[in-house]
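# Topology and contacts: notes
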Amino acid sequence: MSTNRRGGQIPWESIAMWILVLAYAIFFSAASIQKHQTFQSTDFDLGNLSQVMWNTLHGRPFLLTNPEGAQPEMSLGIHVWLIVLPISLVYLLWSDPRALLILQSVVIALGAWPVFWLARHALPARWVHNRFHVFPLFFASIYLIYPALQSANMFDFHPLALAPTLLLLAFYSLERERWGWFALWVGLAMACQEDIALVVAMMGLYAWIFRRHWQAGLATLSVSITWFAVAVGVILPYYDQAGASPFASRYGYLGQNPLEMALTFITRPGVVIEALLTPPKLTYLRDLLLPVGFLSLLAPQVLVIGLPPVLTNLLSTKELMHNLEGFHYSATVVPCVVVSAAYG
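Worth saying up front: this structure is predicted, and the values here are computed from it rather than measured. (Residues numbered from 1 in each chain as written. Predicted model: local features only at pLDDT ≥ 70, side-chain atom pairs only at ≥ 80, totals over all residues. Heavy atoms only, no water.)

### A few points about a nonpolar patch on the surface
A contiguous nonpolar surface patch, about 1000 Å² in accessible area, is contributed by Trp18, Leu22, Ile26, Leu89, Leu92, Leu93, Trp94, Ile102, Val106 and Leu110. Elements with a contribution of two residues or more to the nonpolar patch: α1 (12-37), α4 (90-93) and α5 (97-110). Along the polypeptide, Trp18 turns up in helix α1. Classification of Trp18 by relative accessible area gives partly exposed; the value is 44%. (Patch = residues over 30% accessible without salt bridge, like charges linked within 9 Å, V, L, I, M, F, W, Y side chains within 5 Å. Areas by Shrake-Rupley, 256 points an atom, 1.4 Å probe, with all protein chains shown as cover. Salt bridge = Lys/Arg side-chain N within 4 Å of Asp/Glu carboxyl O. Helix = DSSP H or I, 4+ residues; strand = E, 2+ residues; numbered from the N terminus. Buried < 20%, exposed > 50% of the residue type's maximum accessible area, 1.4 Å probe, protein only.)

In structure tokens form, the structure reads like this:
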């Protein structure tokens, strides 16, 4: 900070941050809307979710016309997107898919703020308390230009793309021991998609083991694992008209259900290792860490929080999940990579 003529402090770092956030939000709102208006958006996922939002707002929560065009079905049989309930209120202001694209860009842009706060919290005081918070701004900038995050932003609209900001806010609240805010942010994050609960579970382990907050850590771990079991074991099967998740086939070689898949890790580790150590997947890992110069490896206790989505992507037989660009699958890994780089 510097001093103005009246003796007050001018928050130059805050001004710079708002410029970054607003520039990102405006640019990617415009870019994603242009993509939509030039007929490059798709029913997966913008069309489906726009329909779900409209139906939810009009008294038919989570209703979706299925891809085969047969009888309508509940989107809860595809993913447990409880975040649809509050997001659908956006259609009260503007009932248009472009509203979702703007919302997504704004939420992703705001994620730069908790990155800035966490970097300022983690870096040595002599690096931070100077005239300009260069290093926290540096990490916030890296976050916003991360290819995997921008790809998620441009791949239509998906609730998963909102989760990084919520997870960052949750982790910052954890580090500052603001447990009420932590509960709010992890709750909203888990509402974005069922597998986010596994990232929250890793956050609980971090709080328990590395921050020595065993009560908060154990509570977080218990709630997140319970919710994941309910979402995957009860809600998804109940609303899945096909009788089998369309995503389960991507992991069919591991087992026919989550329990069998978990047992494969123990009884047949060779199958798992063979699936992970292929050249394209090793390239995926390299490209994931390359933008931060592999600094993330110096803070493995933070980086490991992103292990569940990394394994989800690497163990899948669907090649697009091993690609950092073009899709949204790696969005929830980016916060862990950037924050662990700052900590490292």
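### Structural notes on the side chain of Asn48
Tracing the backbone through its elements, the reader meets Asn48 in helix α2 (residues 43-57). Judged by relative accessible area, which is 13%, Asn48 ranks as buried.

### Brief notes about helix α13 (residues 214-239)
The end-to-end C-alpha separation of α13 is 36 Å, in line with the 38 Å expected for 26 residues at 1.5 Å each. Ala231 marks where α13 bends most, by close to 35°. Taken residue by residue, α13 has Ala216, Gly217, Thr220, Leu221, Ser224, Trp227, Ala231, Ile235 and Leu236 as its buried positions. (Expected span 1.5 Å × (residues − 1). Bend = angle between axes of the 7 residues up to and from the residue.)

### Comments concerning the nonpolar core
Ranked by size, the top nonpolar core spans 105 residues in total, and within it Phe139, Tyr146, Phe157 and Phe171 carry the most contacts. Among the elements that make up this core, the one with the highest residue count is helix α10 (residues 163-175) (nine residues). Not counting residues up to four positions away in its chain, the partners in contact with Phe157 are Asp45, Leu46, Leu49, Met53, Ile87, Leu100, Leu101, Gln104 and Leu162. (Core = buried A, V, L, I, M, F, W, Y, C linked by side-chain atoms within 4.5 Å. Contact = heavy atoms within 4.5 Å.)

### Some details on the pattern of salt bridges
Opposite charge on two side chains makes pairing possible when the charged atoms of those side chains draw close. For the structure on display, the rule yields three salt bridges. Between Arg211 and Glu175 there is a salt bridge, with the nearest N and O atoms lying 3.2 Å from each other. Taken together, the positions of Arg211 in the loop between α12 (196-209) and α13 and Glu175 in helix α10 put the pair 36 residues apart, joining distant regions of the chain. By relative accessible area, Arg211 is classed as partly exposed at 27%. Assessed through its relative accessible area of 5%, Glu175 is described here as buried.

### Some thoughts on the packing of aromatic side chains
Each aromatic ring pair is described using two quantities: the centre-to-centre distance and the angle formed by the ring planes. Under the definition given, this model contains 15 aromatic pairs. Between the aromatic rings of Trp117 and Tyr172, the centroid separation amounts to 5.3 Å while the plane-to-plane angle is 40°, which identifies the pairing as tilted. Here the residue Trp117 occupies a position in helix α6 (residues 112-122), and Tyr172 occupies one in helix α10, the gap between them amounting to 55 residues. On the basis of relative accessibility, which here comes to 11%, the residue Tyr172 falls in the buried class. On the numbers, 4.9 Å between centres and 85° between planes, the contact of Tyr238 with Tyr239 is edge-to-face. The class for Tyr238 is exposed, based on a relative accessible area of 65%. (Phe/Tyr/Trp six-rings, centres within 6.5 Å; stacked < 30°, edge-to-face > 60°.)

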